[in-house]
Amino acid sequence: MTTRPTFTSIAACSLLLFIPSALFAQRGGAPVPPPSEALSPRPAAMAGLLTVAQRDALDALAASTSDLAGAANAARQALVAASMASPVNAGDLRLRANQLGQAEMALANARADRFAQFQAGPNQLAPDALQPGIARLGTAGGGRGGLMAPRMADDADGFVSIFDGRTLNGWEGDTTFWRAEDGKIVGESTPEKVVSHNTFLIWRGGTLRDFELKTEFRINGTNSGIQYRSHVVPEAGPHVLSGYQADMDIGNNYTGGLGEERGRRNVMVPRGQMIRLTENDTYKFMGTLGDPAEIGGSFVPNGWNTYHIIARGPVLIHILNGRVSAIMIDEDEGARAMEGVLGFQMHTGQPFKVEYRNILYREL
């Protein structure tokens, strides 16, 4: 039986996030009250409320410690990951717990120093405003007050593996190009085995409607894609699909984006965008999901990457290596697909290899 270490140090460090005004006092003393003569009188009904200037100054204070807050969050995620390992490594768990304690202590000390300076400045907080001020810092400028609910890494709860790791049982495709090997589905073309038209390995284990798919992929040339809610086009050749595609390419021009194979457009949502698609193939830009170059920069050519695809009703979401890379709301009722099959693509072009592993599926 594996003995799990105690988490006293974790609990003690976590309490730092909940300690009231004493946390932000000068070290070794009580909270520093603002000089009363520096405060303008406020109506009784506004007691305890923050002014706009105070909120902005507190947000700036939180931003000044964002690197330390990020380090603490990363340490917390590492501890969660270590606690979910099988089997649990007690030594690694203790190491991660200590790292979390150190990261949260560094964050608490930095905030204490900056808050002491803040209280000596023009936006200092009156005693009745300390609690809402500290609550705002606890949300890193979130502006709603209170403390942010704890977060943990997404996991595979409710997902099932749809690949046995040894055979292509449950899958249908041209075995000239597709095989199972060492826990991976491998698609490979060579100078002797040329892909004359885009061909697909199709999962025959069910029909995709509202679902999530998580998988890892690796590609060393040309391009590929994950088809979903797609349908077979027998007149175009054996194992040919048409439908939504989570794109990937070795040139990293389209990886993370959303297209439609043999459909309305090859590129429907470029990486980094959120699009509403309405009737008559009309695309409406809704917003950005971040810097497309930064999102694309997470892609590792010739290395393992992750795709997380979510389809719920007309909303389609692509997550590449933990970054939301494309969202589409497909309101084109005459052309959209609400169900179909899953498939992996072998693309025409220069010889290349694409691999998939840890293929996890969940119905919603």
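Basis of the calculations
Residues numbered from 1 in each chain as written. Predicted model: local features only at pLDDT ≥ 70, side-chain atom pairs only at ≥ 80, totals over all residues. Heavy atoms only, no water. Pairing = 2+ DSSP bridges. Helix = DSSP H or I, 4+ residues; strand = E, 2+ residues; numbered from the N terminus. Buried < 20%, exposed > 50% of the residue type's maximum accessible area, 1.4 Å probe, protein only. Contact = heavy atoms within 4.5 Å. Axes fitted to C-alpha atoms, helices over the stretch in contact; angles between N-to-C directions. Parallel < 35°, antiparallel > 145°, perpendicular 65-115°, else oblique. Left-handed = near helix turned anticlockwise from the far one by under 90°.

Chemist: What's the story with the sheet that holds strand S15 (residues 340-346) in this structure? I'm lost.
Modeler: Two pairing modes exist for strands in a sheet, parallel and antiparallel, and in both the strands are linked by backbone hydrogen bonds. Across the sheet, six strands lie side by side as S2-S5-S15-S7-S8-S9; this open sheet has antiparallel pairing. The open sheet has two free edges, formed respectively by strand S2 (171-172) and strand S9 (258-261), since each of these has just one partner strand. Two elements, strand S7 (residues 223-232) and strand S8 (residues 241-249), share eight bridges in a ladder whose sense is antiparallel. Of the residues in S8, the one forming a bridge with His231 is Ser242.

Chemist: Got a minute to help me understand the environment of Phe352 in this structure?
Modeler: Its location among the elements puts Phe352 in the loop between S15 and strand S16 (353-363). On the basis of relative accessibility, which here comes to 3%, the residue Phe352 falls in the buried class. Each C-alpha atom, one on Phe352 and one on Asn223, is 8.4 Å from the other, the two residues being 129 residues apart in sequence. In contact with Phe352, not counting residues within four places along its chain, are Gly187, Glu188, Ser189, Ile219, Asn220, Gly221, Thr222, Asn223, Ser224, Met346 and His347.

Chemist: I keep staring at the packing of helix H2 (residues 52-64) against helix H4 (residues 90-119) and nothing clicks. Help me out?
Modeler: Two packed helices can be described by the angle between their axes and the distance between those axes. Where H2 contacts H4, the two axes come as close as 10 Å, and the packing angle between them is 155°. Taken together, the axis directions place H2 and H4 in an arrangement best described as roughly antiparallel. At the point where H2 passes H4, the crossing takes the right-handed sense. Only Arg114, Phe115 and Phe118 of H4 make contact with H2, whose side of the interface consists of Gln54, Ala57, Leu58, Leu61 and Ser64.

Chemist: Help me understand the pairing of strand S10 (residues 273-278) in this model?
Modeler: A regular strand places its side chains so that they alternate between the two faces of the sheet. Relative to strand S11 (residues 282-288), S10 runs antiparallel, the two sharing six bridges. By the bridge assignment for S11, Gln273 is matched with Thr288. In this antiparallel pair of consecutive strands, S10 and S11, the connection spans three residues, and Asn280 shows a positive phi of 65°. Sheet analysis places S10 next to strand S14 (residues 323-330), joined by five bridges and oriented parallel. Residue Gln273 lies in a different strand from S14, and its bridge partner there is Ala326.

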